[in-house]
Structures are given as structure tokens and as C-alpha cells.
Amino acid sequence: MLAVGAAGKFAGLVVPALAERGANVRGLVRHGEQAADVRRRGAAEVVVGDLTDRDSMKAALAGVERVFYVAPAFVEDEAELGRAFVADAVAAGVHRIVFSSVVHPVLSRLVNHSAKAPVEEVILDAGLEFTFLHPVLFFQMYAYRWKSMMDSGVLAEPWSAETRFSRVDYRDVADVAARALTGDELLSGTFDLAAPGELSRHDIAALVTEVTGRPVRAQHADPGNRVPPPMRAMFEHYDHVGLVANPLPLRAILGREPRSLRAYFEELAEKGDAS
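Residues numbered from 1 in each chain as written. Predicted model: local features only at pLDDT ≥ 70, side-chain atom pairs only at ≥ 80, totals over all residues. Heavy atoms only, no water.

Focus: the overall build of the protein chain
The helix and strand inventory of the protein chain stands at 12 helices and 11 strands. Considered along the principal axes of its C-alpha atoms, the protein chain spans approximately 55 × 35 × 35 Å. By residue count, 49% of the 275 residues in the protein chain fall in the buried class. Counting only contacts in the protein chain whose residues sit at least 6 apart along the sequence, the fraction spanning at least 24 positions is 76%. For the protein chain, the accessible surface area stands at approximately 12600 Å², while carbon and sulfur atoms represent 51% of it. Positive and negative charge centroids in the protein chain, built from 30 and 37 side chains respectively, lie 4 Å apart. (Helix = DSSP H or I, 4+ residues; strand = E, 2+ residues; numbered from the N terminus. Buried < 20%, exposed > 50% of the residue type's maximum accessible area, 1.4 Å probe, protein only. Contact = heavy atoms within 4.5 Å. Areas by Shrake-Rupley, 256 points an atom, 1.4 Å probe, with all protein chains shown as cover. Lys, Arg positive; Asp, Glu negative; His and termini not counted. Charge placed at Lys NZ, Arg CZ, Asp CG, Glu CD.)

As C-alpha cells, this is what we get:
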């Protein structure tokens, strides 16, 4: 089976989840120098390609029956790239796609959400076996700012500190993806994927303080005037509404409690950085 984004910080977590289930994984990477790391993650084979290069996608899909698909964040023409990928997958004989989409793809003003809906539509129209994963914000995003948060004592984001968000550890999403690719219990399903808890930035800062013993406060970061319109629309939505989902589907699929944000922060604190 083919794993798109095999070298990614998030999608790359699907490779070891599949390998643990004994799957023969072909990892798709954009650069040849990423191949060794993806093999270490458990891929039996690595191919180099780019979603914008149809010939490379056709080569990557050759002989593949099942695919994990995800698009890069805020990639240009995301919907068209997804449609083209599905068309090439169908032509190659793929019969199952697990699509890491996003929670609430009906949010038409948010391009990073609405661009997923046409891809889901074309998968359905193709009559493929499918599973649509709708994860919320990832715990792993905090790894990028952990060191600066520890150094400054400030957690700042370009939207309100009051609005509430659900979040999820992408390792749990990867586990669900692996289950959907290697078994049949999740076929024809669309699943919101969220860990328990709807937390504001104030809540997050308090949790970091509890875990580390170092005071951290929540602030609002001015995004400035150079923010692209798609991201500005996202910030405005987050500023007024937030983004929440129910944790029941993830809990039911995993058969256990999802990983908690506290536990993730404890991991980061133990490492001492975002490595």
C-alpha cells in the first residue's frame, strides 16, 4: 500500500503504524534524501514524487491496491490536486483510499477545510472503498513552539485566547488510518477524531505550567498584514468560534482512551525540546 506524505511530521506517523500491523508499505516522498528515514520508520519501499507531477504519481501508484492520502497544508490548488490523484489511483487499480481530511470540511470560508470536500466527493463518485478521517488540531503543533514557550513563558497565537479547541495526537490518527487500511471495520465511515477536552489558550497555558512547573501565560499574537487571505480567514474563524469535535468516535475506534494533551506535554518536557 502507498503512504502519501511518508516523510512528513504528521503523515509520516502512519508508516510505523502500518508496519506494526505487518503491512507492506511504499512511502511517497518529495526528495530522495528522505528515503533512508522513511525506511527506518518501516517502509519496505520508497518512491520519489510530487502531487503536482502526474507522471510521478502514476509511477508511485503502479501495482498499489490501498492508499493513505493527505495533502500538504495550504498547498495551492489542493482540491484539483486531490481530484487528479484520485483519478490516477482509480486508473492504477486502487480500490481503497483512506483520506486524512479535516474536521468540518463544510466550512466554506476556510480554504484548508473546504478544499477537502471536493476530494471526498470524487472518492465517493469513483465507488472506491473509503474511510474519511476528520481530525482536529494536532498536539504535535506544540512541539514547534515548545522551546520558545519555555524560554519566554508565553504561549501566543493569532486568535483569541478565549475560544475553545479540540485537539488530537496524530499518532492516534495514524493508528486509525492503519486500522482502516489493513482491516474492514472502518470501511464507508467518516469519523471526527478528537481527544477529550475543549480548551482555551488560557487552559493550555495553565496545563503547561502544571506539567513543567514553569509559569506560562496566554497571549494574543498580532498576525500582521502579510498573512495570506486563506490563513487570515482561518484566524478570524478561530478568533470568534474556535474548533471543536466530539471524542466518542476516536475512543470507540481505538478501544481505549485517546492520548491526552497532558501526557504529550509531559513527553515534551522530558525531552526538553521539540526534537
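A word on the nonpolar core
Counting residues in hydrophobic clusters, the biggest one holds 48 residues, and the most contacted among them are F68, V176 and L193. Put simply, the parts of the chain that give this core at least two residues each are α1 (14–20), α2 (35–41), α8 (170–182), β10 (189–193), α10 (229–240) and α11 (248–254). Take this core: its biggest share by element is eight residues, from α8. Beyond its immediate sequence surroundings of up to four residues, L193 is in contact with L133, H134, P135, V136, V168, V173, V176, L250 and I253. Residues M57, Y69, A71 and V94 belong to the second largest nonpolar core, which totals 24 residues. (Core = buried A, V, L, I, M, F, W, Y, C linked by side-chain atoms within 4.5 Å.)

Looking at the environment of E78
Inspection of the secondary structure assignment puts E78 in helix α4 (residues 78–92). Apart from the residues within four sequence positions on either side, E78 is in contact with A71, P72, A115, K116 and V119.

Some details on the pattern of salt bridges
Summed over all chains, the structure comprises 23 salt bridges. Residue K116 is joined to E78 by a salt bridge in which the shortest nitrogen-to-oxygen separation is 2.9 Å. Of the two residues, K116 is situated in helix α6 (residues 116–125) and E78 in helix α4; the sequence distance between them amounts to 38 residues. Between R256 and D175 there is a salt bridge; the shortest N-O distance is 3.9 Å. On the criterion of sequence distance, the pair formed by R256 in the loop between α11 and α12 (261–271) and D175 in helix α8 is long-range, its members being 81 residues apart. For R256, a relative accessible area of 31% corresponds to the partly exposed category. Judged by its relative accessible area of 17%, D175 falls in the buried class. Via salt bridges that share partners, R21, D172, D175, R179, R256 and R259 belong to a single interconnected network. (Salt bridge = Lys/Arg side-chain N within 4 Å of Asp/Glu carboxyl O.)

Things to note about the packing of aromatic side chains
Here a ring pair, both rings aromatic, is described through the centre-centre distance and the interplanar angle of the planes. For the structure on display, the rule yields 15 aromatic pairs. When the centroid spacing of 5.8 Å and the interplanar angle of 40° are considered together, the rings of W159 and F235 count as tilted. Taken together, the residues W159 in the loop between β8 (154–157) and β9 (167–168) and F235 in helix α10 connect sequence positions 76 residues apart. Side by side, W159 and F235 carry an identical accessibility label, which is buried. Residues W159 and Y238 carry aromatic rings whose centres are separated by 5.0 Å and whose planes lie at 80° to one another, so their mutual orientation is edge-to-face. (Phe/Tyr/Trp six-rings, centres within 6.5 Å; stacked < 30°, edge-to-face > 60°.)

Structural measurements only, silent on function.
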